[in-house]
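Survey of secondary and tertiary structure
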Amino acid sequence: MSLFLEASQRHPKPENRKFSYGTAGFRMKADLLDSVVFRVGLLASLRSQKLQGKTIGVVITASHNVPEDNGVKLVDPMGEMLEASWEVHATSLANAPSDEQLLVEYENLISTLGVNTEITPKVVFARDTRESGPALVAALQDALAATKTDFVDHGLLTTPQLHYLVRCINTIDSEQPYGEPTEQGYYNKLASAYRKLMVGIPSNGEVTVDCANGVGAPKLRLLAETVGRDVFQCSIVNDSVDQPSKLNHQCGADFVKTQQRLPPGSHVASLARCASLDGDADRLVYYFNDSDGTFRLLDGDKIATLAASFIGDLTKAAGLRSLNIGVVQTAYANGSSTSYITKTLALPVVCTPTGVKHLHHAALKFDIGVYFEANGHGTVVFSNGALQDIAEYVPESPAQAAALENLKALVDLINQTVGDALSDLLLVEVILAHKRWGPKEWDGTYTDLPNRLVRVEVSDRTAFMTTDAERRLMEPVGVQEKIDALVGKYKQGRSFARASGTEDAVRVYSEAAERGEAEELARLVAEIVA
Ligand code: NG1
Ligand code: ZN
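Rules used in this analysis
Residues numbered from 1 in each chain as written. Chains lettered and ligands numbered in written order. Predicted model: local features only at pLDDT ≥ 70, side-chain atom pairs only at ≥ 80, totals over all residues. Heavy atoms only, no water. Salt bridge = Lys/Arg side-chain N within 4 Å of Asp/Glu carboxyl O. Helix = DSSP H or I, 4+ residues; strand = E, 2+ residues; numbered from the N terminus. Buried < 20%, exposed > 50% of the residue type's maximum accessible area, 1.4 Å probe, protein only. Phe/Tyr/Trp six-rings, centres within 6.5 Å; stacked < 30°, edge-to-face > 60°. Domains from an automatic or database assignment. Contact = heavy atoms within 4.5 Å. Buried area = accessible area lost by both parts, 1.4 Å probe. Polar contact = N/O pair within 3.5 Å; in protein donor to acceptor, adjacent residues only side chain to side chain. Nonpolar A, V, L, I, M, F, W, Y, C, P; charged D, E, K, R; others polar.

Re the pattern of salt bridges
- Under the counting rule described, the total for this entry stands at 28 salt bridges.
- R283 serves as the salt-bridge partner of D254, at 2.8 Å between the closest nitrogen and oxygen. Note that D254 is positioned in helix α9 (residues 252-259) and R283 in the loop between β8 (274-277) and β9 (284-289), a separation of 29 residues in sequence.
- What makes D254 partly exposed here is its relative accessible area of 22%.
- What makes R283 buried here is its relative accessible area of 9%.
- Here the salt bridges share partners, and the residues they tie into one network are R455, E457, E503 and R507.

In structure tokens:
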């Protein structure tokens, strides 16, 4: 085990730091991450051995955060987020105070988890465009070498591309291979599905895509080339990946969603479709400038409703009426979107705590589950039963046959492992083309209630304990009653407070019938919480 200790000594843990594997893995200032990434490498290797040598993924990214940050997270064999019960193991390895204690923790995990160390572990990894990426990759490789892990470095990839690769690798010899386990295989799968869906459908013209100056830019370019300009025209902006300080700066999905305005410097014609990705291309939002110049955001809720309505129509047209379709949201979903789904689309809605792993698992309970966070992270998942029904159904008319073919292509177009901005972009483009809708028609499906999200600095955010999918506070005692009394005074008022899982703050969300009221409600709830 001296190999282990020697390697660990090269990656000392910063003193007096407590790390925690949260909703986005570990995420912080990049210069604190070296030991954390090394230790995540150790855990990736153990997880692979525990799962009989299945391939585990590691992504080095801090998504929409500032360029100085970075992060690391694990991907499970089916391309899902790390199983929740292993998050504590990640946390305990990351916090071992010395190299020797790290070794003790590591061996402890081997025995308590019953890991067979004879099995050769397999890991694949990739990173985003941050400057700190290569050094962190070196720390990861050090851990993988020390544990004699077989690994493949996939260089720069979007987060969802790595999820795709992991699933492909682990299903290659199964009855349901997910796809060819290469980056080009990813483009080919999406492009071929997109082209099938666009047969006989007039193209909807160009979409302008802001790539947050991140990894999405070169990857979208490759995807667009594979799809072909005859059916997919996109203009790529904010693609300066060679200037790392520009990443997510005044652009990208998080900027557009939180600021509710165009990235400065964008010049778009009114009613032209625009979209923004985030720094690792797993979030997507759309927007446009209306004819009177007002900015209109088409966020994750609007993407979810668009997808759910299209898939609902398609399954009916294909004759697969028995498939149950549901939508999963979080408390941040605009109340108007929830009413639209339940009343107009007549589909069930489930609300889960924040964090896509919660949404993903809830979505798997439907035959077809559509899930999106309002910030644009989401996808659609098809159950095995639904996939089987779709594969085996014998259409009773040419119209049913055509719809069924489209449904099959849609299954391939959607990255079912995780929310994927590139796959979601093609999905939205297909649906708009089929419906012959511009952004205004899409926006017109329902009107968002005015809303406000504020960040409140508190002395101890762990004091804020929630229930009911984070919509109600149980602690500090008495706070929820005060919020309730306030909310009751506002027409269509709704507000909640919860501790952020990624920042040291409490977030307060509010909505109400009028803009001024939503803002006032947020301010007053923030005062209660502070
Ligand atoms: P926190 O910081 O727990 O609110 C944020 C986002 C989540 C999710 C995670 C992971 C909001 C309000 N919250 O979580 O939706 O994306 O980051 O990145 O957007
Ligand atoms: Zn992201």
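Considering the packing of aromatic side chains
- Applying the stated criterion across every chain, the model contains 13 aromatic pairs.
- An angle of 80° between the planes, with centres 5.3 Å apart, marks the rings of Y164 and Y186 as edge-to-face. Linking Y164 in helix α6 (residues 159-171) with Y186 in helix α7 (residues 183-197), this pair joins segments that are 22 residues apart in sequence.
- Given a relative accessible area of 1%, Y164 falls into the buried group.

Topic: unusual backbone geometry
- With omega at -5°, the peptide bond leading from E475 into P476 counts as cis.
- Inspection of the secondary structure puts P476 in the loop between β17 (472-475) and α17 (479-487).
- A positive phi is found at A346, a non-glycine position, where the angle reads about 55°.
- Along the polypeptide, A346 turns up in the loop between α11 (335-344) and β12 (349-351).
- Positive phi outside glycine occurs at E470, with the angle close to 70°.
- Assignment of secondary structure puts E470 in the loop between β16 (465-467) and β17.
- For E470, a relative accessible area of 14% gives the class buried.

With respect to the domain arrangement of the protein chain
- When the domains of the protein chain are assigned, the result is domain 1 (2-156), domain 2 (185-296), domain 3 (300-423 + 437-443) and domain 4 (451-529).
- Between domain 1 and domain 3, the contact holds 6 residues from the first and 9 residues from the second.
- Between domain 1 and domain 3, the buried area comes to about 540 Å², and carbon and sulfur atoms account for 61% of it.
- Per-residue buried area on domain 1 facing domain 3 is highest for T23, E80 and M81; these three make up 67% of the total on that side.
- The partner of E87 in a salt bridge is K357, and the shortest N-O contact between them spans 2.7 Å.
- Inspection of the domain 1/domain 3 interface yields 1 residue pair in polar contact (both at pLDDT 80 or more).
- A class-by-class count of the residues in the side of domain 1 that touches domain 3 yields 2 nonpolar, 2 polar and 2 charged.

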